[in-house]
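The lines below spell out each chain.
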Amino acid sequence: MKKHISRKNFIKKTGAAMMLAATGFPNIIIPKRKEKLGVALVGLGNYSTNWLAPGLEMTEHCELRGIVTGTPSKIPVWQERYGIPDRNVYNYENMHEVANNDDIDIIYSVTPPGLHARDSIAGAEAGKHVWCEKPMAVTLEECQAIIDAARKNRVQLTIGYRMQHEPNTQTIIKYGREEAFGPITEVRTAAGYRAQGLPADDWRFSLEMGGGALYDMGVYPINAARYSTGKKAVAVSGIQSVEREEMFRKVDETTVFDIEFDDGTVAKCKTSMGENVNYLEVDCEEGWYYLRPASSYSGVGGEVSDGTVLEPDPGHQQARQMDNDALAIKENRPPIVPGEDGMEDIRIVKAVMESSQRDGARVVL
Ligand code: NDP
């Protein structure tokens, strides 16, 4: 039996809104001496341990040099595994001291989303470039504070949306920009997995920490809808629901939502922590293309109506993302995914939540 967190009804269209383009890029402090930039991972959980740290062993333009952790027992394990010296080990209380450490050029916030603002701002204030995981933060105010801190300290800020660095995804972004198959008529996109065995106190069940399907996985279809169309989102509508009430007490298990763009195109989106689902399908006036899966760590591939097969790229997504972002710092040019991109997705998350609370009413952005 489905329980709507808010209630029924659904989508409609139109409206007026804004997508923040990456506005004026500040002067960047360019590191002089280094071949490879030094990265400090902040928060040594699953993603840092299994994806980012291994990825940093493959990167050409950056490498793992430091850690920030609140769990002392992890320190010797990471020091031994990655050869991290004592001087490059921090906790959340003393991480501001990284300001005095030339080994570290980049702070990468990989803590729960509710802590991204704290850690990213600390990194920026220490004069370090900031990489921040998705979702960027829990509130728009936090997103803005991160952007402001990066600007003020003249450091780069990028959000860890790895798909925008993935070759097949870049191909379909290009199709959209060039209208290779005519104007886009509809987008359908989803990302979800069946959550099992997470402890009840896991941050993914806490709204304040940025848990629930919409924050955690929903930013994938949101970002995909935005990058595949390249248009401004102007209105949303959606419904959040819970099936396993014993597990999802305070957050959504599934959210189904529509995003309406300024040219009238609608993206039909779904995200879930109850269902394995992963695709991006784009219909155009003169053709179509899809990626399935569209946001997995590997195997992202699909087909195009002209017969082109988008073969999965064998590369390591996280290594590619971090190399691209490090190169942007070295070459003093804007990153592929600026902070404003992450903030726009949180604007949409919040509007979808509001819509669900209003029985799926159309919410203008
Ligand atoms: P985990 O729960 O596995 O790890 C989070 C880590 O953050 C903890 O291990 C802990 O590290 C630190 N932490 C500090 N304070 C807290 C707190 N109050 N509660 C819980 N953890 C805390 O999460 P993930 O590694 O899966 O996710 C971390 C971030 O990465 C999230 O923003 C998530 O959305 C993002 N992510 C991105 C992915 C992508 O593909 N781009 C994929 C997976 C996650 P320590 O003990 O060292 O302090």
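Residues numbered from 1 in each chain as written. Predicted model: local features only at pLDDT ≥ 70, side-chain atom pairs only at ≥ 80, totals over all residues.

1. With respect to the sheet that holds strand β4 (residues 89-90)
Inclusion rule: Here a strand pair is declared whenever DSSP counts at least two bridges between the two strands. Only runs of H or I of at least four residues qualify as helices and only runs of E of at least two qualify as strands under DSSP, and these elements are numbered from the N terminus.
Strand order in this open sheet of six strands is β4-β3-β2-β5-β6-β7, and the pairing throughout is parallel. Where the open sheet ends on each side, the last strands, each with one partner, are β4 and β7 (157-159). In this sheet, β4 lies alongside strand β3 (residues 62-68) in parallel orientation, the contact comprising two bridges. Each bridged residue has a counterpart across the sheet, and for V68 the counterpart in β4 is Y90.

2. Section: the domain arrangement of the chain
Filter applied, for reference: In this entry, domain limits derive from an automatic or database-based domain assignment. Two residues form a contact once the distance between their C-beta atoms, set from the backbone, is within 7 Å.
For the chain, the domain assignment lists domain 1 (3-18 + 163-318 + 345-364) and domain 2 (37-161 + 320-333). Centre-to-centre, using C-alpha coordinates, domain 1 lies 26 Å away from domain 2. Each side of the interface is counted separately: domain 1 has 19 residues, and domain 2 has 19 residues. Taken together, the elements giving at least two residues each to the side of domain 1 that touches domain 2 come down to α7 (219-229), α8 (317-330) and α9 (339-357).

3. Structural notes on the site of the ligand
The condition that has to hold: Only the C-beta atom, placed from the backbone, is used; a residue is near a molecule or strand if that atom lies within 6 Å of it. We call Asp, Glu, Lys and Arg charged. Ala, Val, Leu, Ile, Met, Phe, Trp, Tyr, Cys and Pro are nonpolar, and the rest, Gly among them, are polar.
In the vicinity of the ligand, 21 residues are found, and the nearest of them are G43, G45, Y47, T69 and T71. With three residues, the top contributor of residues to the shell around the ligand is helix α1 (residues 46-55). Class assignment of the residues belonging to the shell around the ligand gives a composition of seven nonpolar, nine polar and five charged.

4. Details of unusual backbone geometry
Look at the link from K134 to P135: it is a cis peptide, with omega at -25°. Following R292, the chain continues to P293 via a peptide bond in cis, the omega torsion being 0°. Following the sequence through the fold, P293 ends up in the loop between β13 (287-291) and β14 (302-304). One non-glycine residue with positive phi stands out, namely D359, at about 60°. Mapped onto the secondary structure, D359 falls in the loop between α9 and β16 (363-364).

5. Quick notes on the pairing of strand β5 (residues 106-109)
Every regular strand shows the same layout, with side chains that alternate between the two sheet faces. Note the cut-off: Partly exposed residues are those whose C-beta has more than 12 but fewer than 20 other C-beta atoms within 10 Å; with 20 or more the residue is buried, with 12 or fewer it is exposed, and the C-beta atoms are placed from the backbone.
Because side chains alternate across β5, one face comprises the buried residues I106 and Y108, and the other comprises I107 and S109, equally buried. Relative to β5, strand β2 (residues 37-42) runs parallel, the two being bridged by four bridges. Residue pairing across strands places V42 opposite S109, the latter belonging to β5. With four bridges joining them, β5 and strand β6 (residues 129-132) adopt parallel strand pairing. Paired with Y108 across the strands is W131, a residue of β6.

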